[in-house]
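Structural overview for review
Spelled out, the chains give:
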Amino acid sequence: MRLKMMMATVVAGLALAGAAQAQDAATDGEYRASLGRMIASTADGECPADVMAADLLNACNDQIDQIGPALQSLGPVKDMSFVSAEGEGESRVETYDVFFESGQMLTWGIGGYVDGKFTIAYVSG
């Protein structure tokens, strides 16, 4: 099964902390570091409970046996390109094109940063 199909049900998906580490939110996004860490942790088979809201954590844990190996097969993240941001405050969702060592590119979204945890993450082909 393709990663896209496995992750489609995780719109409330996966996430990580470090929400405000980018230097320029207008050009780099605010959640770049968090997304990179999220992808790496998930590829290693871990859903980080300290940065995931309850629904997100449950969705991740329900699918980690499929998501982890699928991400691992893509290799490490080589580059990430900020695409856009929509909404403000807790409703902010950022989109990135993520390039993997395998040559695959996937578009990821991350957001819904509430009380130090993300509530939204998703991937599309």
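Refer to the structure presented above.
The following refers to the structure shown. (Residues numbered from 1 in each chain as written. Predicted model: local features only at pLDDT ≥ 70, side-chain atom pairs only at ≥ 80, totals over all residues. Heavy atoms only, no water.)

**Examining the nonpolar core**
In plain terms, the rule: What makes a nonpolar core is a set of buried Ala, Val, Leu, Ile, Met, Phe, Trp, Tyr and Cys residues whose side-chain atoms join them at distances within 4.5 Å. Working definition: with a 1.4 Å probe on protein chains only, accessible area under 20% of the residue-type maximum means buried, over 50% means exposed, and in between means partly exposed. Numbered from the N terminus, helices here are DSSP runs of H or I no shorter than four residues, and strands are runs of E no shorter than two.
Membership of the largest hydrophobic core comes to 25 residues, with the highest contact counts inside it found for Leu35, Ile39, Leu71, Tyr96, Val98, Phe100 and Trp108. Looking at this core, the elements that each hand over two or more residues are helix H3 (32-43), helix H4 (54-74), strand E1 (77-86), strand E2 (93-100), strand E3 (105-114) and strand E4 (117-124). In terms of residue count, the dominant contributor to this core is H4 (7 residues).

**Brief notes about unusual backbone geometry**
Trans peptide bonds make up most of the peptide bonds, and negative phi angles are found at most residues other than glycine. Phi at aspartate 115 is positive, roughly 55°, even though this residue is not glycine. Along the chain, the position of aspartate 115 falls in the loop between E3 and E4. For aspartate 115, a relative accessible area of 75% translates into the label exposed.

**Description of the packing of H3 against H4**
Test applied: Axis definition: a line fitted to C-alpha atoms, over the contacting stretch in the case of helices. Angles run 0 to 180 degrees between N-to-C directions. Reported orientations rely on four angle classes, namely roughly parallel under 35 degrees, roughly antiparallel over 145, roughly perpendicular from 65 to 115, and oblique for the rest. Only heavy atoms matter for contacts: two residues are in contact if any of them lie within 4.5 Å across the pair. Amino acid classes used here: Ala, Val, Leu, Ile, Met, Phe, Trp, Tyr, Cys and Pro are nonpolar; Asp, Glu, Lys and Arg are charged; the rest, including Gly, are polar.
At a minimum axis distance of 7 Å, the contact between H3 and H4 shows a crossing angle of 110°. Relative to H4, H3 is oriented roughly perpendicular. The residues of H4 that touch H3, namely those facing Ile39, Thr42 and Ala43, are Ile64, Ile67, Gly68, Leu71 and Gln72. Of the residues assigned to the contact of H3 with H4, the class counts are 5 nonpolar, 3 polar and no charged.

**A closer look at the environment of aspartate 44**
Tracing the backbone through its elements, the reader meets aspartate 44 in the loop between H3 and H4. Taking relative accessible area as the criterion, aspartate 44 reaches 57% and is therefore assigned exposed. Measuring from C-alpha to C-alpha, the distance between aspartate 44 and isoleucine 64 comes to 9.4 Å, with 20 residues separating the pair along the chain.

**Thoughts on the sheet that holds E3**
Note the following rule: Any two strands are treated as partners once DSSP identifies two or more bridges connecting them.
Strand order in the open sheet formed by 4 strands is E1-E2-E3-E4, and the pairing between neighbours is antiparallel. The sheet is open, and its two edges are formed by E1 and E4, each paired on a single side. Here the strands of the sheet are splayed against their neighbours by 25° on average, with no regard to which way each runs. Pairing analysis gives 7 bridges linking E3 to E4, with the strands arranged antiparallel. Each bridged residue has a counterpart across the sheet, and for valine 114 the counterpart in E4 is lysine 117. Taken strand by strand, H4 contacts E2, E3 and E4, and its axis lies near 40° from that of E4.

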